[in-house]
Amino acid sequence: MPWFVAVALLVVPVAEIYVIIQVGQAIGGWPTIALLLFESALGAWLIKREGRRAWKALQQATETARMPTRELADAALVLVGGTLLLTPGFITDIFGFFFVLPFTRPLARKVLAGFLSRRVAAQLGGNPITGFMPGTFRPPTAEDADRAHRQREARDDVVQGEVIDPEAPKDK
């Protein structure tokens, strides 16, 4: 994973500068700067509001003695989204708003949960694609279904047993 971070630290600023230049050529320099300042101010206000909501939800979960999994994920997303929103640039703002806005955060939470489950499975020796650990349940495949069907058919054809005739004389 460190190579990914290094590449992101090199690629993201270059991409941000390119997009800012393109937007500046389309709408002008001063409107681009005003738009960047407006996005940062809106992001700061949104971070404050959503951060406060996430903190209150986290406190309620701990006061009711329930595991605050969703609340912790929301707090992490608001923190990462806030960092991205305060970074100047349009690309980081798009991802920041995706993480912070209350109507897009559930989708971001699902993406985060899927990523983390694959990471944990890979670290513990499981399959990073399916997330299943060795020795645990494996979803049935088409071959498993065919094998089970053939076994049912084989059992249905023959019934083992003994025929008893009630009219037959009994030996003593």
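Let us look at the structure shown here.

**A look at the side chain of Asp74**
- Following the sequence through the fold, Asp74 ends up in helix H3 (residues 69-86).
- The residues touching Asp74, leaving out its near neighbours within four places in the chain, are Arg105 and Arg109.

**What about the packing of aromatic side chains?**
- Taken as a whole, this structure holds two aromatic pairs when the rule is applied.
- Taking 6.1 Å as the distance between ring centres and 85° as the angle between the ring planes, the aromatic pair formed by Trp3 and Phe4 counts as edge-to-face.
- Take Trp3: its relative accessible area is 61%, and that puts it in the exposed class.
- For Phe4, a relative accessible area of 45% puts it in the partly exposed group.
- Here Phe98 and Phe99 contribute two aromatic rings whose centre-to-centre distance is 5.9 Å and whose plane-to-plane angle is 45°, an arrangement assigned as tilted.
- Classification of Phe98 by relative accessible area gives partly exposed; the value is 27%.
- Accessibility expressed as a relative area gives 18% for Phe99, which makes it buried.

Criteria and thresholds
- Residues numbered from 1 in each chain as written.
- Predicted model: local features only at pLDDT ≥ 70, side-chain atom pairs only at ≥ 80, totals over all residues.
- Heavy atoms only, no water.
- Helix = DSSP H or I, 4+ residues; strand = E, 2+ residues; numbered from the N terminus.
- Contact = heavy atoms within 4.5 Å.
- Phe/Tyr/Trp six-rings, centres within 6.5 Å; stacked < 30°, edge-to-face > 60°.
- Buried < 20%, exposed > 50% of the residue type's maximum accessible area, 1.4 Å probe, protein only.

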